[in-house]
Amino acid sequence: MGAYFRHLNYSLGDEDSSVELHALPPDARHVVAVAGSGGRVVPLLARAPRKVTCVDISDTQLALTELRIAALRRLNHAEYLGLLGYEPMSPQRRLELLATLPLSGSARKALDPVWKAVEAGERIVYLGRFEGMLRTLSRVVGLFTGQRGRKMFDQPDVAGQRAYLDAGFPRGAWRLVLLLMGNSAVLNSLLYRGDFPKKNRPESAFRIYWDLFDRLFRTMPARSSFFLQLVFFGELRFPEGYPIECDADVFLAAQRAARTADIEYVQGDILQHVQAQRDVDFVSLSDVPSFLPPERERGFLEALKPGLTPDALVVTRGHLRVAAPEVQGYEDVSGRYTDAIARERTQLWRIHFYQRRP
């Protein structure tokens with residue numbers, strides 16, 4: 001990745017947007033979402049919101065989101081998967097498809113490294129710093145756990161995984177891997193360059209990672225989690241674990257909506273942008289609150305109020321740090337979405353839903 005990009009953190013991402021998709025009411029008036037790689041935004045279009053505003057502080061992340069939505073509008077399902085690198089496709093064909101996409105001048109300039117990477121045979125979904133970190137981690141996992149670790153993906157069902165976890169999985173070696181993953185200095189050096197949010201959850205980082213992987217292994221087929229695939233293989237090998245943007249039904253519904261919806265791209269602070277609106281009924285914040293200074297972290301819901309409609313939903317995620325905002329004027333309705341949160345295929349996140357009171 002370093003040969004192409006300096007500032008692309010995510011190209012596939014670490015969120016399963018099925019949770020937000022489940023919560024978004026159909027035909028919403030105005031959705032505002034952190035852009036990320038675009039993979040977290042595309043599924044939201046399947047609910048046919050009338051307007052979607054993609055906001056990010058990074059021009060590169062915003063440009064990649066614009067590319068994804070342009071591809072969604074222009075390409076068929078197989079071409080979309082091939083272009084992004086979920087499915088095999090020749091570099092020449094990817095370059096041909098990229099040339100057909102109507103992108104803004106700023107996006108095309110920001111994504112010039114994509115053309116270079118694709119020309120060199122790289123796949124777009126693996127270009128981000130986070131994805132590169134997981135590819136590095138997968139080599140460590142392979143070194144420690146070997147084929148016995150990957151054998152988890154050969155089990156016939158979840159019951160088989162549980163039995164293998166207790167009887168055949170290299171738990172001692174896995175423990176060493178998680179001790180490494182739980183080291184904040186390692187996370188900072190690999191991904192965040194010193195900007196990793198300070199942990200405020202009471203459990204140790206090791207315990208957080210041990211529990212989340214245990215939930216994944218014991219509650220869902222390993223092949224169905226793109227996150228598990230990246231951790232153990234450094235790439236996606238099983239289509240049943242592709243992110244939800246790849247689901248054929250979600251893709252087609254999102255494509256229909258994208259061709260008529262008003263979609264905007266805004267570089268800047270998502271809280272300030274929502275605050276300046278008056279018609280927003282759904283806000284997908286990702287883990288932005290975790291990176292705010294303490295006063296803004298506590299007050300981010302209050303800051304959003306002027307731009308929200310009555311009953312608007314605000315969705316937040318937190319990993320090692322989970323924001324605890326002041327909730328005056330809101331109701332925490334996270335309990336409505338317990339099942340969707342439990343099925344989220346990374347289990348990296350504490351997800352909260354706040355509903356604006358009329």
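Residues numbered from 1 in each chain as written. Predicted model: local features only at pLDDT ≥ 70, side-chain atom pairs only at ≥ 80, totals over all residues. Heavy atoms only, no water.

## Here we look at the environment of R317
Next, step 1: Here R317 is to be found in strand β5 (residues 308-318).
Next, step 2: Judged by relative accessible area, which is 3%, R317 ranks as buried.
Next, step 3: Those residues in contact with R317 that lie beyond four places of it in its chain are E15, D16, S17, V19, E20, S286, D287, S290, E344, W349, R350 and I351.
Next, step 4: Among the polar contacts listed, one links the side chain of R317 to the side chain of E15, at a separation of 3.2 Å. (Helix = DSSP H or I, 4+ residues; strand = E, 2+ residues; numbered from the N terminus. Buried < 20%, exposed > 50% of the residue type's maximum accessible area, 1.4 Å probe, protein only. Contact = heavy atoms within 4.5 Å. Polar contact = N/O pair within 3.5 Å; in protein donor to acceptor, adjacent residues only side chain to side chain.)

## Observations regarding the confidence of the model for the protein chain
Next, step 1: Residues of the protein chain with pLDDT of at least 70 account for 95%, and the chain-wide mean is 93.
Next, step 2: Contacts of residues 1-5 to residues separated by more than four positions or lying in other chains number 14 contacts, the stretch itself having pLDDT below 50. (pLDDT = per-residue confidence, 0-100.)

## A look at the packing of aromatic side chains
Next, step 1: By the definition in use, this model includes 18 aromatic pairs.
Next, step 2: Between the aromatic rings of F153 and F238, the centroid separation amounts to 6.1 Å while the plane-to-plane angle is 15°, which identifies the pairing as stacked. With F153 in the loop between α7 (129-150) and α8 (158-167) and F238 in the loop between α12 (226-233) and α13 (248-258), this pair connects stretches of sequence that are 85 residues apart. Pair check on accessibility: F153 and F238 agree, each one buried.
Next, step 3: Ring geometry for F169 versus F217: centroids 5.5 Å apart, planes at 55°, classification tilted. With F169 in the loop between α8 and α9 (171-181) and F217 in helix α11 (residues 205-219), the pair connects residues that are 48 residues apart, well separated along the chain. Assigned by exposure class, F169 and F217 land together as buried.
Next, step 4: Linked through ring pairs, F153, Y164, F169, W174, F213, F217, F227, F232, F233 and F238 together constitute an aromatic cluster. (Phe/Tyr/Trp six-rings, centres within 6.5 Å; stacked < 30°, edge-to-face > 60°.)

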